[in-house]
Amino acid sequence: MDDAFEKEQGNFMNQSEFEASLAEGIDAELSEAETAVVEPVQADDKKSEAAQSPSSAIEPLKGRPSWSGKILGHFKLLRLIGEGKMGRVIQAEDINLKRIVALKILNKRIPGIDDHESINQFLREARAASQIEHPNVVRIFEINNHQGWWYIAMELLEENLRRIIDAAGPLSPIRASAFIADAATGLAVAHELGIIHRDIKPTNLMLNRHGRCKLTDFGLVRLDDPNDPFDFTDKAVGSPHFIAPEMIERRHQSPAIDIYSLGATMYY
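Residues numbered from 1 in each chain as written. Predicted model: local features only at pLDDT ≥ 70, side-chain atom pairs only at ≥ 80, totals over all residues. Heavy atoms only, no water.

Considering the sheet that holds strand E9 (residues 213–215)
Step number 1: Pairing within the open sheet is antiparallel, and its three strands lie in the order E7-E8-E9. The open sheet has two edge strands, strand E7 (159–160) and E9, and neither has a second partner.
Step number 2: In the sheet, strand E8 (residues 205–207) pairs with E9 via three bridges, with the strands oriented antiparallel. Paired with Leu205 across the bridge in E9 is Leu215. (Pairing = 2+ DSSP bridges. Helix = DSSP H or I, 4+ residues; strand = E, 2+ residues; numbered from the N terminus.)

Digging into the pairing of strand E6 (residues 149–154)
Each regular strand displays side chains that alternate between the two surfaces of the sheet.
Step number 1: With five of six residues buried, E6 lies mostly within the body of the structure.
Step number 2: One ladder, built from four bridges, connects strand E4 (residues 99–106) with E6; its direction is antiparallel. Residue pairing in the sheet places Ile105 in a bridge with Tyr151 of E6.
Step number 3: Relative to E6, strand E5 (residues 140–146) is paired through six bridges, and the arrangement is antiparallel. Its bridge partner lying in E6, Asn145 is registered against Trp150. (Buried < 20%, exposed > 50% of the residue type's maximum accessible area, 1.4 Å probe, protein only.)

Let's talk about the nonpolar core
Step number 1: Membership of the largest hydrophobic core comes to 36 residues, with the highest contact counts inside it found for Leu171, Phe179, Leu205, Leu215, Phe218 and Leu262.
Step number 2: Among the elements that take part in this core, helix H6 (residues 173–192) stands out by supplying six residues, more than any other.
Step number 3: Setting aside anything within four residues of it in sequence, one finds Leu215 in contact with Asn136, Val137, Val138, Ala183, Gly186, Leu187, Ile200, Asn204 and Leu205. (Core = buried A, V, L, I, M, F, W, Y, C linked by side-chain atoms within 4.5 Å. Contact = heavy atoms within 4.5 Å.)

What to know about helix H8 (residues 256–266)
Step number 1: Those residues of H8 that fall on the buried side of the exposure criterion are Ile257, Asp258, Ser261, Leu262 and Thr265. Buried residues along H8 cover an arc of 140° about the axis, so they all sit on one side.
Step number 2: Contact partners of the buried residues in H8: helix H5 (161–168), H6, E8 and helix H7 (245–248). (Arc of directions from axis to C-beta.)

Quick look at the packing of aromatic side chains
Step number 1: Per the counting criterion, the structure on display carries two aromatic pairs.
Step number 2: Centre to centre, the rings of Phe242 and Tyr268 are 6.5 Å apart; their planes meet at 40°, and the pair counts as tilted. Taken as a pair, Phe242 in the loop between E9 and H7 and Tyr268 in the segment after H8 lie far apart in primary sequence, 26 residues in all. You'll find Phe242 and Tyr268 in the same group, each marked buried.
Step number 3: The ring of Phe141 has Arg99 lying over it, and the distance from NZ or CZ to the ring centre is 3.8 Å. (Phe/Tyr/Trp six-rings, centres within 6.5 Å; stacked < 30°, edge-to-face > 60°. Lys NZ or Arg CZ within 6 Å of the ring centre and 35° of its normal.)

Section: empty space enclosed by the protein
Step number 1: Here the structure, examined in full by the defined rule, presents three cavities of 30 Å³ or more.
Step number 2: Approximately 60 Å³ is the volume found for the second largest cavity.
Step number 3: Along the wall of the second largest cavity there are 13 residues; nearest its centre are Arg198, Val237, Phe242, Ile243 and Ser261.
Step number 4: Among the residues forming the lining of the second largest cavity, the class breakdown is seven nonpolar, three polar and three charged. (1 Å grid on protein atoms, 1.4 Å probe; cavity = no way out; pocket = protein on both sides within 12 Å on 5 of 7 lines; lining within 4 Å. Points joined across faces, edges and corners; volume = space filled by probe spheres on them. Nonpolar A, V, L, I, M, F, W, Y, C, P; charged D, E, K, R; others polar.)

Some points on the pairing of strand E2 (residues 75–83)
Step number 1: Of all nine residues in E2, seven are buried; the element is thus mostly enclosed.
Step number 2: As paired elements, strand E1 (residues 71–72) and E2 share two bridges and run antiparallel to each other. Bridge pairing links Leu72 to Phe75 in E2.
Step number 3: Remark: two residues form the turn of the hairpin made by E1 and E2, two consecutive strands paired antiparallel; Gly73 in that turn has positive phi of roughly 65°.
Step number 4: Pairing of E2 with strand E3 (residues 87–94), which is carried by seven bridges, proceeds in the antiparallel orientation. Counterpart to Gly82 in the pairing with E3 is Val89.
Step number 5: Linking E2 to E3, which pair antiparallel, is a turn of three residues.

Notes on the sheet that holds E4
Step number 1: A sheet is described by the order of its strands in space; here six strands give the open sequence E1-E2-E3-E4-E6-E5, paired in antiparallel fashion. Edge positions in the sheet fall to E1 and E5, since each has one partner strand and no second.

Here we look at the side chain of Asn136
Step number 1: In this fold, Asn136 is placed in the loop between helix H4 (115–131) and E5.
Step number 2: Judged by its relative accessible area of 3%, Asn136 falls in the buried class.
Step number 3: A distance of 2.9 Å separates a polar side-chain atom of Asn136 from the backbone oxygen of Cys213.
Step number 4: Setting aside its immediate chain neighbours within four residues, Asn136 contacts Asp182, Thr185, Gly186, Arg212, Cys213, Lys214 and Leu215. (Polar contact = N/O pair within 3.5 Å; in protein donor to acceptor, adjacent residues only side chain to side chain.)

What follows is the structure, given as structure tokens:
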């Protein structure tokens, strides 16, 4: 066994301790959780969309939470990135490979959703994203279960389009075009594989340290599978302000809905 891993075992928590610390030990200010499947709403400005989505970028904690430094699988938990209805995203260190990752941890109990259903949807998200091997799509390193906690280890991305614009104002036409072109390239590869994202918006367009745009959050994808139990064709899936008209009207869902959402994002 790796020496570093053995050294970290003293920080390991049992299931009940970890669950309690995750549920109660986070003392950062969190955004409100985003509803995964929504009905379209009317709004007058861009700020309402921002208020509905948890930030995907790294936020510093006010204090050190009780779970910080603890071990989940072979990952040391470091700090909170964001929280949503389905779970939390935590910055973590892979103690075997010595690299920093984003760890998306599924909540064990989600109001209104059967446990088996939430796990299957979580697995579906990871598998869909991992199929798309492209520089403009977030990389998935691993999906695993540790003592009942399902998690996805993925590439850590530090900024998203919404935060960039909110902090510094609109992008220049040249930079905006390059950003959207990157996203369109990633979408083209996904569409070739029969994967429709269905939730393209500023918070799901991430920027890595090299300035490249990457698609993330494949939780609402539509797959090229007639037996997919999470098809959601009878619902308006996505985020207000970016949903294509055919989604709202429950019409046929094609890759064009992602292109519409990407166009709406360009005018954010």
